[in-house]
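Chain by chain, the residues run as shown.
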Amino acid sequence: MSRLYIYYICFMSTENAIVMSGIRPTGYLHLGNYFGAMRNYVKLQEKYTCFFMVADLHALTTHPDTKELKSNVYRVIAENIACGIDPEKAALYCQSHVHETAELYLYLNMLAYLGELEKTTTFKDKARLQPDNINAGLLTYPVLQAADIILHRATWVPVGKDQEQHLEMSRNFVKRFNHRYGNVFPEPMAYNFGDELVKVPSLDGTGKMSKSENQLATIYLADDDELIRKKVMKAKTDGGPTEINMPKPDYIENIFQLMKLVSEQSTIDQFEKAYQECTIRYGDMKKQLAEDMVTFISPIRQKAIAIQQDERYMQTIMEQGAEKACASAQKTMELVREAMGLVY
Ligand code: TYM
């Protein structure tokens, strides 16, 4: 049995599952990042080998000005730790510190087709938002993401619903690589504890919470208590249901969904019953939601602020994380070069 095949079988089994995910440092982290991704990171780190990184290279595709990059990278590292990532358990690192990523990205680019890249939803959205900067990095964004993941031969990728297509593309690149050069990589899957990938809606009933768009309708982990209250109280509602058991309009359904993330089951049941019986008062519901969000976010915010004050600590964390990530990446790249016949 070849060395490559043994590696392949080994990394396909659940017990040895390797977990990888990343977050771009393009703004403040929000409830969507937490419930779509970081909540899963925290659980997975207890059992599996985990690689979590700050995707600073991906950030350059939309944010070429690097003046604030360093402080954004540090803040994302601090917020990850404040949310429960233990850097002793998981490798917490910065994408640009792992140079092997660039090499694998290059090889994968030869296996990615222009047609499929142009059809990617995130490419089309971003091209629309920045018509003067439709750069090649934006087009090959999913290739770089695939390189991040398979560099560690990861199989589980905890992400929110918006990343589903990128994961499907990663699997396609893996299939093509394995077919052409031999079975080096397992196929990565988007992962969530629970049935479905999560999409945390924005407070205004349009779209999802986001780092750089829709800021007044997004609750950030760095928002102070008053700002959280103000944003939640502004959420769109109406005069209330007019018939028993009426279906909920989208914007009301969103408020219930947000409540499910941060409130007690008994609180949700109480407002659900009031809705069905047409006695609901949205003002009371929003006040309750705001207080539950404050209770959830305020300890994370305070912890993140304290961590950010210790720049030396964060540097040490990133160095340790990069060491673990580079060791894993170097092993993979040896296999890749061997499989591709690039060893002379
Ligand atoms: P990014 O930085 O946009 O988002 C980080 C993570 O947060 C999730 N997320 C959400 N989940 C639910 N509801 C929302 N409203 C919401 N908004 C964001 C995202 O799904 C993601 O899991 N391309 C990635 C970064 C990346 C990456 C990787 C991810 C680079 N390399 C390798 C996984 C593996 C991105 O832009 O995430």
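Structure shown above.
Here the structure is a predicted model, which is why all the values come from computation and not from measurement. (Residues numbered from 1 in each chain as written. Predicted model: local features only at pLDDT ≥ 70, side-chain atom pairs only at ≥ 80, totals over all residues. Heavy atoms only, no water.)

(A) Examining the pairing of strand β1 (residues 18-23) more closely. The buried count for β1 comes to 5 of 6 residues, which makes it a mostly enclosed element. Pairing between β1 and strand β2 (residues 49-54): 6 bridges, direction parallel. In the sheet register, Gly22 faces β2, and the bridge partner there is Met53. Tracing the backbone out of β1, into helix α2 (residues 31-44) and back to the parallel element β2 gives a crossover that is right-handed. (Buried < 20%, exposed > 50% of the residue type's maximum accessible area, 1.4 Å probe, protein only. Helix = DSSP H or I, 4+ residues; strand = E, 2+ residues; numbered from the N terminus. Pairing = 2+ DSSP bridges. Right-handed = clockwise from strand over helix to strand, strands pointing away.)

(B) Highlighting the packing of helix α4 (residues 69-82) against helix α14 (residues 282-308). Close contact between α4 and α14 brings their axes to 8 Å; oriented N to C, the two are set at 130°. Classified by the angle between their axes, α4 and α14 sit oblique to one another. As α4 packs across α14, the resulting crossing turns out to be right-handed. Here Tyr74, Arg75, Ala78, Glu79, Ile81 and Ala82 of α4 come into contact with α14, specifically with Ile300, Lys303, Ala304, Ile307 and Gln308. (Axes fitted to C-alpha atoms, helices over the stretch in contact; angles between N-to-C directions. Parallel < 35°, antiparallel > 145°, perpendicular 65-115°, else oblique. Left-handed = near helix turned anticlockwise from the far one by under 90°. Contact = heavy atoms within 4.5 Å.)

(C) Quick look at the nonpolar core. In this structure, Leu31, Ile219 and Met293 are the most contacted members of the largest nonpolar core, which totals 65 residues. The element that contributes the greatest number of residues to this core is α14, accounting for 10 residues. No fewer than three residues from each of domain 1 (6-198 + 311-340) and domain 2 (223-304) sit in this core. Apart from the residues within four sequence positions on either side, Ile219 is in contact with His30, Leu31, Leu203, Met209, Ile228, Lys231, Val232, Met293 and Ile297. Of all hydrophobic cores here, the second largest spans 42 residues; its members include Leu111, Leu117, Val143 and Met340. (Core = buried A, V, L, I, M, F, W, Y, C linked by side-chain atoms within 4.5 Å. Domains from an automatic or database assignment.)

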